[in-house]
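What follows is the residue order along each chain.
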Amino acid sequence: IMFVGTNECEIREMDHKNGLTTSVKYIVLPEETFGALVRRTNITNTGSTPVTIGVLDGLAKIEPVGGMLDWALKQMGRTLEGWMGVYQAGEGTTMPFYRMSTEPGDSASVTIELAGHYLLSFLESEESSLLPIVFDSESVFGRDTSLLEPNGLKINDIADILSKPQYGQARTSSAFAAVEKLTLAPGESISIASFYGRTDHIENVKPIADHITKPGYVDEKFARARSMMNEMTASVETNTTNHLFDGAVKQMFLDNSLRGGIPLILGDFDDEMKYLNYDE
């Protein structure tokens with residue numbers, strides 16, 4: 001089941017055979033000095049007996065930063081992999097940084113690429129610590145380059161995958177947060193928060209990690225993502241007997257504001273003009 005809001009999207013799967021309900025919700029991170037797509041994965045045991053699970057949660061494929069990549073990814077994707085690499089902003093594999101070694105291009109000058117994409121994931125709890133990331137797509141999918149069948153995961157458990165060396169150079173990498181093993185009692189759930197973003201230098205990743213793992217941070221941002229939309233559309237709030245119409249008015253205003261912007265009147269204006277302004 002898919003749910004779409006003004007600033008959020010959720011996909012929910014109910015597995016009645018195994019007694020598990022999984023939901024994945026996305027928002028764009030609001031009101032920060034760094035950008036990120038936030039993914040919150042919630043897994044609930046809806047059965048009548050405890051269940052033990054291991055989890056790989058995230059993206060099967062992630063592209064690094066590095067110049068104008070659209071054409072190159074479509075026309076010469078395999079060649080482009082020669083520039084790709086996964087670097088670590090800290091010890092272990094908890095802070096991967098996906099970037100190009102240089103900006104690819106047919107030019108006499110070489111430009112070192114310092115910007116990259118990061119992934120930070122953790123279990124939401126009082127003591128949030130970063131989860132290890134599986135970025136070696138071959139360890140998950142084996143030889144299936146379509147990334148449809150997790151053949152590697154079928155023959156190795158997550159602990160085995162994490163214990164082996166991972167390779168992220170000269171290949172397109174994955175971005176999976178890994179939870180080795182945990183047991184959920186009936187009705188119990190876990191929540192994995194993941195932040196996918198871009199930053200100008202690998203040194204910025206550690207401060208971002210320290211900031212987002214503070215208790216209550218993810219809850220606050222999800223609530224703010226929704227309240228911000230209500231504030232932006234408050235000037236056209238409509239109350240009729242048809243709630244779908246009321247929502248459509250706010251959504252149309254939001255869509256057109258994003259396309260064309262909201263006018264800002266500068267200088268002095270008289271009372272007649274004042275009431276023609278939308279926010280009056």
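Model, not experiment: these values are computed from the prediction. (Residues numbered from 1 in each chain as written. Predicted model: local features only at pLDDT ≥ 70, side-chain atom pairs only at ≥ 80, totals over all residues. Heavy atoms only, no water.)

## Looking at the packing of aromatic side chains
Consideration 1: One pass over the structure, following the stated rule, counts 3 aromatic pairs.
Consideration 2: Ring geometry for F122 and F195: centres 6.2 Å apart, planes at 15°, overall stacked. Here F122, found in strand β8 (residues 116-123), pairs with F195, found in strand β11 (residues 189-199); they are 73 residues apart in sequence, far enough to count as distant. Across this residue pair, the class does not change: F122 and F195 are buried.
Consideration 3: When the ring of F195 is compared with that of Y217, the centres are 6.1 Å apart and the planes differ by 40°; the resulting orientation is tilted. Of the two residues, F195 sits in strand β11 while Y217 sits in helix α7 (residues 217-232), which places them 22 residues apart along the sequence. Here F195 and Y217 have matching classes, each one buried.
Consideration 4: These aromatic residues form a ring-pair network of at least three members: F122, F195 and Y217.
Consideration 5: It is R40 that lies over the ring of F222; its NZ or CZ is 4.7 Å from the centre.
Consideration 6: Across the ring face of Y87, the terminal group of R99 is positioned such that the distance to the ring centre comes to 4.2 Å. (Phe/Tyr/Trp six-rings, centres within 6.5 Å; stacked < 30°, edge-to-face > 60°. Helix = DSSP H or I, 4+ residues; strand = E, 2+ residues; numbered from the N terminus. Buried < 20%, exposed > 50% of the residue type's maximum accessible area, 1.4 Å probe, protein only. Lys NZ or Arg CZ within 6 Å of the ring centre and 35° of its normal.)

## Some thoughts on the sheet that holds strand β9 (residues 133-134)
Consideration 1: One open sheet accounts for 3 strands, arranged β5-β10-β9; its pairing is antiparallel. What marks the edges here is a single partner per strand, and that holds for β5 (51-62) and β9. (Pairing = 2+ DSSP bridges.)

## Thoughts on the sheet that holds strand β6 (residues 84-88)
Consideration 1: If you walk across this open sheet you meet the 8 strands as β1-β2-β3-β4-β11-β8-β7-β6, and the pairing is antiparallel. Looking at the sheet topology across the chains shown, the edges are occupied by β1 (2-4) and β6. Between one strand axis and the next, the sheet turns through 15° on average, direction left out of account.
Consideration 2: Sheet topology places strand β2 (residues 8-15) next to strand β3 (residues 20-28); 8 bridges connect them, and they run antiparallel. Considered in β3, the bridge of C9 is made with Y26. (Axes fitted to C-alpha atoms, helices over the stretch in contact; angles between N-to-C directions.)

## Comments concerning the environment of R143
Consideration 1: With respect to the secondary-structure elements, R143 resides in the loop between α3 (137-141) and α4 (151-155).
Consideration 2: Residue classification places R143 among the exposed positions, given a relative accessible area of 71%.
Consideration 3: Through-space distance from the C-alpha of R143 to that of Y87 is 23 Å; in sequence the pair is 56 residues apart.

## Concerning the pattern of salt bridges
Consideration 1: Within this structure, the stated rule accounts for 18 salt bridges.
Consideration 2: Here E63 ties to K61 by a salt bridge, and the two come within 3.6 Å at their closest N and O atoms.
Consideration 3: Judged by relative accessible area, K61 falls into the partly exposed class, the value being 47%. (Salt bridge = Lys/Arg side-chain N within 4 Å of Asp/Glu carboxyl O.)

## A look at unusual backbone geometry
Consideration 1: The phi dihedral of E31 falls on the positive side, at around 55°, and the residue is not glycine.
Consideration 2: Note that E31 resides in the loop between β3 and β4 (37-45).

## Looking at the side chain of R99
Consideration 1: Within the secondary structure, R99 sits in strand β7 (residues 96-100).
Consideration 2: Lacking a salt bridge, the buried R99 has E113 as its closest oppositely charged neighbour, with an N-O distance of 7.1 Å.
Consideration 3: Side-chain polar atoms of R99 contact the backbone oxygen of E113, separated by 2.8 Å.
Consideration 4: Apart from residues no more than four positions distant in its own chain, R99 is found in contact with P64, V65, W83, M84, G85, Y87, E113, L114, A115 and G116. (Lys, Arg positive; Asp, Glu negative; His and termini not counted. Polar contact = N/O pair within 3.5 Å; in protein donor to acceptor, adjacent residues only side chain to side chain. Contact = heavy atoms within 4.5 Å.)

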